[in-house]
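Summary of the model geometry
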Amino acid sequence: MSYLRSWFSLDTSSPVTTVESNDSYPNQSLPVLEVNEDDEDDGSDTAGEDDVPPAFPAINSAQRAATSPSSSSDSSRGFSIPNILTDSALMPPPPAPSLATRRPGVPPPQSSSSLLAPMTTTQPPKRLSRRDKVALAPGFGPLDWGNLKASGQNLRGVDALMRIPPSVLKLHNKKEDAWTAINGKVYNITPYLPYHPGGEKELMRVAGRDGTKLFSLTHAWVNADFMLDACLVGFLVSEPS
């Protein structure tokens, strides 16, 4: 308690920095905070300065170095007005296309300055020949033929694959017994006659003989091995000596 009494009894008006107490702490000095009113910052250091914003662009910037020296007023501001091209210095626009005189298949007169692709030919396109197809009876479409092959019916007409020479192949040239050879394989085409898109008459042209050449000329893109795999009879061989 003697320490507190000595603290409150201090005279704060004097600039004393330490207080010594001989009652409880005879050998210890107590720090006292001293406030000097003269040290407060009143802004007098910057009161005389001129508050001017910095120059933009900077004095040593590339923008100022690239300005035109011809215009002193523009150089002082740090930029220059670009030169405006006249109409004679500008690139002329492309000529208007003459749609009224343009004809299909004929290049325009000024093809060098046109944006169109160069014409490869001036001849009209040729009409492609189209194979005539017949109207198949109901139930004889491509899907029906696939279902028939998957049904498990014997479409070959024989019990085992055979080696068939041309002399034997030419005997099977009737509608109810028609064989043909395509790429060295002999097929029984009798079950496929009503399913042929070109008609039975067209398919009977290869009955009893090798139809590889005619098949390639008519529809080389058709896979005969897949179309007639269930009708395979055997393989075409040469005549025995």
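Named according to an unreviewed UniProt entry, the protein chain is Cytochrome b5-like heme/steroid binding domain-containing protein originating from Suillus fuscotomentosus. In its Sequence similarities (unreviewed entry) section, UniProt records this for the protein chain: "Belongs to the cytochrome b5 family."

**Quick word on the overall build of the protein chain**
Helix and strand counts for the protein chain come out as 8 helices and 7 strands. Taking the intrachain contacts of the protein chain between residues at least 6 apart in sequence as the baseline, contacts between residues at least 24 apart amount to 58%. Looking at the protein chain as shown, the accessible area adds up to about 19200 Å², and 57% of this sits on carbon and sulfur atoms.

**Quick word on helix α4 (residues 142–150)**
Looking at α4, one finds that the buried residues are Trp145, Leu148 and Lys149. In an axial view of α4, the angular spread of the buried residues amounts to 100°, which keeps them on one side of the axis. Structural note: α4 exposes Leu143, Asn147 and Ala150 on the side pointing more than 90 degrees away from its buried face. If you follow the buried residues of α4, they end up packed against α8 (224–227). A positive backbone phi angle near 90° is found at Gly152, which sits one or two residues after α4.

**Looking at the pairing of strand β5 (residues 177–182)**
Taken across its 6 residues, β5 has 5 buried, putting it largely inside the fold. Here strand β4 (residues 173–174) runs beside β5; their pairing, made up of 2 bridges, is antiparallel. From the neighbouring strand, Lys174 faces β5, where its bridge partner is Asp177. Taken together, the 4 bridges between β5 and strand β6 (residues 185–188) define a ladder with antiparallel strand orientation. Along β6, the bridge assignment pairs Trp179 with Asn188. The antiparallel pairing of β5 with β6 creates a hairpin that spans 2 residues between the two strands, and Asn183 there sits at a positive phi of about 55°.

**Here's the deal with the layout of surface pockets**
A probe matching the size of a water molecule, rolled over the atoms, marks out where space remains unfilled. Size it by volume and the largest pocket reaches roughly 690 Å³. Tyr192, His196, Pro197, Gly198 and His219 are the residues nearest the centre of the largest pocket, which is lined by 32 residues in total. Of all elements in the fold, only α4, β5, α6 (200–203), α7 (212–219) and α8 reach the threshold of two or more residues within the lining of the largest pocket. Along the lines of polarity and charge, the residues of the lining of the largest pocket split into 19 nonpolar, 8 polar and 5 charged.

**Examining the nonpolar core**
Of all hydrophobic cores here, the largest spans 20 residues; its most connected members are Trp145, Leu155, Tyr187, Ile189, Tyr192, Leu203 and Leu228. Going through the elements one at a time, α4, β5 and α7 are the ones with two or more residues in this core. Not counting chain neighbours up to four residues away, the residues in contact with Leu228 comprise Trp145, Tyr187, Ile189 and Tyr192. Grouped together as the second largest cluster of nonpolar side chains are 7 residues, Ile164, Leu169, Trp179 and Val233 included.

**Considering the sheet that holds strand β3 (residues 162–164)**
The mixed open sheet is built from 5 strands, whose spatial order is β3-β7-β6-β5-β4. With partners counted over all chains shown, the strands left at the sheet margins are β3 and β4, one partner each.

**Brief notes about the packing of aromatic side chains**
In this structure the tally under the stated criterion is 3 aromatic pairs. Ring centres of Trp145 and Tyr192 lie 5.0 Å apart, and the angle between their planes is 65°; this geometry places the pair in the edge-to-face category. One end of the pair, Trp145, is in helix α4; the other, Tyr192, is in the loop between β6 and α6, with 47 residues separating them in the sequence. Each of the two residues, Trp145 as well as Tyr192, counts as buried. Pairwise contacts between aromatic rings join Phe140, Trp145, Tyr192 and Tyr195 into one cluster.

**Examining the side chain of His172**
Along the polypeptide, His172 turns up in the loop between α5 (166–169) and β4. In terms of polar contacts, His172 uses its side chain to reach the side chain of Asp177, at 2.8 Å. Those residues in contact with His172, other than ones at most four positions away along the chain, are Asp177, Ala178, Trp179, Ala207 and Gly208.

**Regarding unusual backbone geometry**
Backbone geometry at Asn183 places phi at a positive 55°, although glycine is not the residue there. Along the polypeptide, Asn183 turns up in the loop between β5 and β6. Residue class for Asn183 comes out exposed when judged on its relative accessible area of 56%.

About the criteria used
Residues numbered from 1 in each chain as written. Predicted model: local features only at pLDDT ≥ 70, side-chain atom pairs only at ≥ 80, totals over all residues. Heavy atoms only, no water. UniProt positions renumbered as here; feature names shortened; annotations may be inferred. Helix = DSSP H or I, 4+ residues; strand = E, 2+ residues; numbered from the N terminus. Contact = heavy atoms within 4.5 Å. Areas by Shrake-Rupley, 256 points an atom, 1.4 Å probe, with all protein chains shown as cover. Buried < 20%, exposed > 50% of the residue type's maximum accessible area, 1.4 Å probe, protein only. Arc of directions from axis to C-beta. Pairing = 2+ DSSP bridges. 1 Å grid on protein atoms, 1.4 Å probe; cavity = no way out; pocket = protein on both sides within 12 Å on 5 of 7 lines; lining within 4 Å. Points joined across faces, edges and corners; volume = space filled by probe spheres on them. Nonpolar A, V, L, I, M, F, W, Y, C, P; charged D, E, K, R; others polar. Core = buried A, V, L, I, M, F, W, Y, C linked by side-chain atoms within 4.5 Å. Phe/Tyr/Trp six-rings, centres within 6.5 Å; stacked < 30°, edge-to-face > 60°. Polar contact = N/O pair within 3.5 Å; in protein donor to acceptor, adjacent residues only side chain to side chain.

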